[in-house]
Amino acid sequence: MRFRAKIVDLACLNHFSRVVNTVARLAKTCTLRLTADKLYFILSDKVANGGVSVWCELCQGNFFDEFQMEGVAAEHNEIYLELVPENLSRALKTAQNAKTVKIKLTNKHCPCLTVAVELPSLSSSSRIVTHDIPVGVIPRRLWNDFREPGVPDFDVSIYLPVLKTMKSVVERMKNLSNCIVIEANLSGEMNLKIETDLVSVTTHFKDLGNPPWASDDECQSSAQGRDLESMAEARIDIKKLLQLLAGQQVNPTKALCSGCLRQMN
Amino acid sequence: MRCVITGGNVKVLGKAVHSLSRIGDELYLEPTENGLSLRAVNSSRSAFASFLFVPLFFQLYERGSPPRAGQHFRCKVLMKSFLSIFRSLPSLEKTVGKCLILLKPQASRLVVQLHCKYGVTKTHNLAFQECERLQAVFSTRQCANSLCAPARVLAEAVVHFPATLSEVTLSAGPGGKISLRNYVEDEKEPGRTMVTELWLAEDEFQEVAVAPGTCITFCLKEFRGLLTFAEASNLPLTIHYDAPGRPAVFTLDDPLLEVHLVLATLSDPESISQSPTANGASELPTPADDFADDLESYMIAMETSAYEGGSGAPPSPTFPLRTPGPAHSEPEEEEEEEAVPGTPPHKKFRSLFFGSVLTPGGPCLAPTQEVLAEDSDGEY
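This is a predicted model, so every value here is computed, not measured. (Residues numbered from 1 in each chain as written. Chains lettered and ligands numbered in written order. Predicted model: local features only at pLDDT ≥ 70, side-chain atom pairs only at ≥ 80, totals over all residues. Heavy atoms only, no water.)

**Q** Tell me about the overall build of chain B, and name the residues and values.
**A** Scanning chain B from terminus to terminus reveals eight helices and 19 strands. Classification of the 380 residues of chain B by burial places 53% in the buried group. Taking the contacts inside chain B whose residues are at least 6 apart along the sequence as the reference set, 70% of them involve residues at least 24 apart. Total accessible area on chain B stands at roughly 16,500 Å², and carbon and sulfur atoms take up 54% of it. (Helix = DSSP H or I, 4+ residues; strand = E, 2+ residues; numbered from the N terminus. Buried < 20%, exposed > 50% of the residue type's maximum accessible area, 1.4 Å probe, protein only. Contact = heavy atoms within 4.5 Å. Areas by Shrake-Rupley, 256 points an atom, 1.4 Å probe, with all protein chains shown as cover.)

**Q** Now, about the overall build of chain A: what can you tell me, with residues and values included?
**A** The number of helices and strands found in chain A is five helices and 16 strands. Here the analysis covers contacts within chain A between residues at least 6 apart in sequence; of these, 64% occur between residues at least 24 apart. Within the structure as shown, chain A displays about 14,500 Å² of accessible surface, and the carbon and sulfur contribution to it stands at 49%.

**Q** Before we move on, could you go through the pattern of salt bridges and cite the residues and values that matter?
**A** Residues and elements named next belong to chain A. Summed over the entire model, instances satisfying the criterion amount to 17 salt bridges over all chains. With a closest N to O distance of 2.9 Å, Glu57 and Lys38 form a salt bridge. Residue Glu57 is found in strand E4 (residues 53-59), and its partner Lys38 is found in strand E3 (residues 38-44); the two are separated by 19 residues along the sequence. Given the relative accessible area of 34%, Glu57 is considered partly exposed. The class of Lys38 is partly exposed, set by a relative accessible area of 22%. Between Lys99 and Glu118 there is a salt bridge, and its shortest N-O distance comes to 4.0 Å. On the criterion of sequence distance, the pair formed by Lys99 in the loop between helix H2 (85-93) and strand E7 (100-107) and Glu118 in strand E8 (residues 111-119) is long-range, its members being 19 residues apart. (Salt bridge = Lys/Arg side-chain N within 4 Å of Asp/Glu carboxyl O.)

**Q** Now, about helix H5 (residues 220-233) of chain B: what can you tell me, with residues and values included?
**A** All names here are of chain B. The terminal C-alpha atoms of H5, which comprises 14 residues, lie 20 Å apart, in line with the 20 Å expected from a rise of 1.5 Å per residue. Taken together, the buried positions of H5 are Leu220, Glu222, Phe223, Arg224, Gly225, Leu226, Leu227, Phe229 and Ala230. Just downstream of H5, Asn234 is the residue with a positive phi angle, here 60°. (Expected span 1.5 Å × (residues − 1).)

**Q** I'd like to hear about the sheet that holds strand E5 (residues 66-70) of chain A, residue by residue, with values.
**A** As a general point, the strands of a sheet are linked pairwise by backbone hydrogen bonds and lie either parallel or antiparallel. The strand order E5(A)-E1(A)-E7(A)-E8(A)-E9(A)-E14(B)-E13(B)-E12(B)-E16(B) describes an open sheet built from nine strands, whose pairing is antiparallel. Whereas interior strands pair on both sides, the edge strands pair on one side only; in this sheet they are E5 of chain A together with strand E16 (215-219) of chain B. Pairwise comparison of adjacent strand axes, ignoring direction, gives a mean angle of 15° for this sheet. As paired strands, strand E13 (residues 178-182) of chain B and strand E14 (residues 195-200) of chain B are joined by four bridges and run antiparallel to one another. Bridging from a neighbouring strand, Ser179(B) pairs with Trp199(B) of E14(B). Its contacts with the sheet put H2(A) on E7, E8 and strand E9 (127-134) of chain A, and the angle it makes with E9(A) is roughly 175°. (Pairing = 2+ DSSP bridges. Axes fitted to C-alpha atoms, helices over the stretch in contact; angles between N-to-C directions.)

**Q** Lay out the side chain of Ser139(B) with the relevant residues and their values.
**A** Residues and elements named next belong to chain B. Among the structural elements, Ser139 can be located in the loop between strand E10 (129-130) and strand E11 (145-150). Residue classification places Ser139 among the buried residues on the basis of a relative accessible area of 8%. Here Arg141 takes part through its backbone nitrogen, which lies 3.2 Å from a polar atom of the side chain of Ser139. (Polar contact = N/O pair within 3.5 Å; in protein donor to acceptor, adjacent residues only side chain to side chain.)

**Q** Tell me about the packing of helix H1 (residues 10-26) of chain A against H2(A), residues and numbers included.
**A** All names here are of chain A. It is at 8 Å that the axes of H1 and H2 come closest, and there the two elements cross at 150°. Judged by the inter-axis angle, H1 sits roughly antiparallel to H2. Here H1 and H2 pass one another in a crossing that is left-handed. On H2, the residues touching Leu13, Phe16, Ser17, Val20, Asn21, Val23 and Ala24 of H1 are Pro85, Glu86, Leu88, Ser89 and Leu92. Among the residues making up the contact of H1 with H2, the classes are represented as eight nonpolar, three polar and one charged. (Parallel < 35°, antiparallel > 145°, perpendicular 65-115°, else oblique. Left-handed = near helix turned anticlockwise from the far one by under 90°. Nonpolar A, V, L, I, M, F, W, Y, C, P; charged D, E, K, R; others polar.)

**Q** Explain the interface of chain A and chain B residue by residue, including any values.
**A** In many reports, interface size means the accessible area that the parts give up when they come together. Every contact between the two is made by 21 residues of chain A and, on the other side, 22 residues of chain B. Taking both sides of the interface into account, the surface hidden between chain A and chain B amounts to around 1,800 Å²; carbon and sulfur atoms contribute 51%. Inspection of the chain A/chain B interface yields two salt bridges. Among the salt bridges present, the one from Arg127(A) reaches Glu156(B), with a minimum N-O distance of 2.7 Å. Taken together, chain A and chain B are joined by seven residue pairs in polar contact (both at pLDDT 80 or more). (Buried area = accessible area lost by both parts, 1.4 Å probe.)

**Q** Could you give an account of the confidence of the model for chain B, with specific residues and numbers?
**A** All names here are of chain B. On average, residues of chain B score 73 in pLDDT, and 67% of them reach the 70 mark or higher. Overall, residues 271-346 carries pLDDT values under 50, and its contacts beyond four positions in sequence, including any with other chains, amount to 111 contacts. For the stretch residues 356-380, pLDDT sits under 50, and the model shows 50 contacts to residues farther than four places along the chain or on other chains. Predicted complex metrics record ipTM = 0.74 and pTM = 0.71. (pLDDT = per-residue confidence, 0-100.)

**Q** Run through the packing of aromatic side chains, naming residues and quoting values.
**A** One pass over the full model with this rule turns up 15 aromatic pairs over all chains. Pairing Phe53(B) with Phe58(B) gives two aromatic rings, centres 6.5 Å apart and planes at 70°, and the pair type is edge-to-face. Comparing Phe53(B) with Phe58(B) shows no difference in burial state: the two are buried. Ring geometry for Phe57(B) versus Phe58(B): centroids 5.3 Å apart, planes at 85°, classification edge-to-face. Of the two residues examined, Phe57(B) and Phe58(B), each falls in the buried class. What links up through ring pairs into an aromatic cluster is the set Phe51(B), Phe53(B), Phe57(B), Phe58(B), Tyr61(B) and Phe229(B). Taking NZ or CZ as reference, Arg33(A) lies 4.5 Å from the ring centre of Tyr40(A), over its face. (Phe/Tyr/Trp six-rings, centres within 6.5 Å; stacked < 30°, edge-to-face > 60°. Lys NZ or Arg CZ within 6 Å of the ring centre and 35° of its normal.)

**Q** Can you break down the pairing of strand E2 (residues 26-32) of chain B residue by residue, with the values?
**A** Residue and element names in this part refer to chain B. Burial analysis of E2 places six of its seven residues in the buried class, which makes it a mostly covered element. Sheet analysis places E2 next to strand E6 (residues 75-78), joined by four bridges and oriented antiparallel. If you follow Tyr28 over to E6, its bridge partner there is Lys76. Relative to strand E3 (residues 35-41), E2 is paired through five bridges, and the arrangement is antiparallel. Each residue of the ladder has a partner; that of Glu30, found in E3, is Ser37.

**Q** So, unusual backbone geometry: which residues are in play, and what are the values?
**A** Residues and elements named next belong to chain A. One non-glycine residue, Asp207, lies in positive phi territory at about 60°. Summarising the element assignment, Asp207 is placed in the loop between strand E14 (200-205) and helix H4 (217-225). Under the relative-accessibility criterion, Asp207 is labelled exposed at 73%.

**Q** Go over the packing of helix H4 (residues 151-158) of chain B against H5(B) with me, naming the residues and quoting the values.
**A** Residues and elements named next belong to chain B. At their nearest, the axes of H4 and H5 sit 9 Å apart, and the two run at 140° to each other. Classified by the angle their axes make, H4 and H5 are oblique. Every pair of crossing elements has a handedness; the one defined by H4 and H5 is left-handed. Taking contact as the criterion, the partners of Ala151, Arg152, Leu154, Ala155 and Val158 in H4 are, on H5, Leu220, Phe223, Arg224, Leu227, Ala230 and Glu231. Taken together, the residues of the contact of H4 with H5 sort by class into eight nonpolar, no polar and three charged.

Structure, rendered in structure tokens:
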């Protein structure tokens with residue numbers, strides 16, 4: 001099992017750091033899956049109510065100048081590591097003006113992901129900072145737990161409004177209720193609602209646009225049959241939603257929200 | 001005592017107070033013929049800092065007549081109160097033109113008066129307590145190793161360590177490289193803590209006089225306070241250290257200002273190795289054992305407050321010892337055990353020695369005491 005990777009470009013480093021920061025804000029520990037050409041940050045929280053599940057897939061070529069990986073075995077050329085993303089985030093935080101950043105799997109007193117940062121200095125030789133992040137190697141028999149989640153069976157899929165706007169709306173609502181209802185339809189309309197004994201507040205978003213999903217004929221026909229105006233609704237824990245929105249550092253071009261239709265009688 | 005500070009020096013004084021506030025809760029003031037000395041010590045007696053402002057730093061410096069011949073007047077004030085006067089450094093710079101400090105022993109008040117723009121004068125009257133001289137006994141001459149670097153280099157080095165980190169290990173590695181590494185306590189599982197290590201090349205330093213393989217572990221928090229001051233004043237910082245367990249002395253030198261920070265270091269000889277070894281220190285050694293070993297001239301002295309002077313026998317005096325030897329350690333052990341409760345035992349830091357100037361009436365202990373200012377003067 002070997003892993004060595006190098007980032008040389010500052011913009012790539014910055015982007016990678018922001019992805020790691022986002023993951024770090026969502027989970028205390030997560031799984032890092034390494035394949036020949038991708039990295040995945042996975043958190044599959046099996047909690048029934050309101051657990052956060054994260055699946056983050058990165059193409060290594062977008063970030064790394066060099067990327068060498070040898071998995072546990074030839075037929076299973078992958079590595080699964082358990083780590084605390086906050087550590088990785090901290091290691092990258094002060095590396096933002098580095099000449100190079102190397103990440104490799106090492107075995108110091110325990111398996112570690114070593115981040116070696118070469119920093120510019122006024123002297124002839126560069127400053128080197130190394131961070132040894134302890135990791136746990138996840139055995140092959142547990143790899144099935146981390147399979148990619150299938151495309152969810154949803155009824156409505158909609159592009160979210162500007163996340164910053166959405167975050168400030170949800171933050172105000174947090175003080176009034178624990179639960180928030182997200183409603184959306186196929187006409188690009190979305191509502192954020194809270195309801196308490198004393199007050200109910202709804203924020204309406206219009207013209208958001210619905211992403212086209214390549215679906216097989218069955219789904220197509222059911223979509224055609226469905227009323228474009230009818231809302232699919234989901235009730236979620238406000239704090240978890242806020243955690244997701246607050247952690248966003250990646251400035252996505254588009255963020256999607258997909259939900260299941262609930263019978264509204 | 002009466003002194004006046006003008007212009008940019010007011011901000012320097014403010015920054016010095018900020019730096020001292022990172023150390024302890026009380027600010028000790030001592031006007032001497034060499035200048036005004038401000039000092040602080042932390043509650044576990046493992047960190048001591050002193051700023052000596054020479055008379056040239058002031059527009060006017062009048063030490064005043066000491067209460068008793070040969071004695072200096074000393075007092076301490078609450079750090080919080082003194083700091084609040086210099087709380088906002090930007091506004092000090094912008095609005096304060098002159099600062100007057102008046103010490104009136106008879107009135108029991110320390111008066112700090114800020115003369116600001118637009119004719120505004122802010123007068124602060126602080127209550128003080130007379131006290132003993134706060135003085136850690138140390139000697140940079142006794143330190144075998146020293147390093148001098150621009151403060152900026154060291155500030156850039158510590159930025160890689162989290163703000164909450166307590167201890168850092170400085171070591172001299174092969175090839176003249178100096179490393180800083182976060183110290184992981186033995187008790188925590190070694191497999192769980194992230195270890196960060198930074199290597200600095202020899203030529204980043206202005207002076208390197210260290211034996212390879214030496215290392216010391218000290219508290220980062222108090223060091224950061226000094227570093228902030230040094231960086232702002234653009235002064236090179238010198239680190240003097242000796243064997244683990246002996247205090248490390250950090251100094252800044254400037255024509256107008258002498259700054260010393262003395263930090264106790266971990267006496268764990270195993271702190272060199274990367275893999276934490278069970279050196280049996282996980283069970284706490286009894287205080288007596290600790291001190292008999294390492295102690296020699298370093299031990300804790302009780303700091304007495306409100307020296308009555310002239311009335312009755314003073315508490316048992318403590319004497320600084322220069323020569324190590326089991327024979328001498330006995331009388332000291334009693335002293336230590338009284339004061340030890342202040343030291344957090346699990347840290348295994350040695351506490352610094354503080355001299356006491358208590359003598360039944362009469363001349364000061366100058367021969368056996370080491371005055372901070374003179375010590376460093378003697379070096380050069």
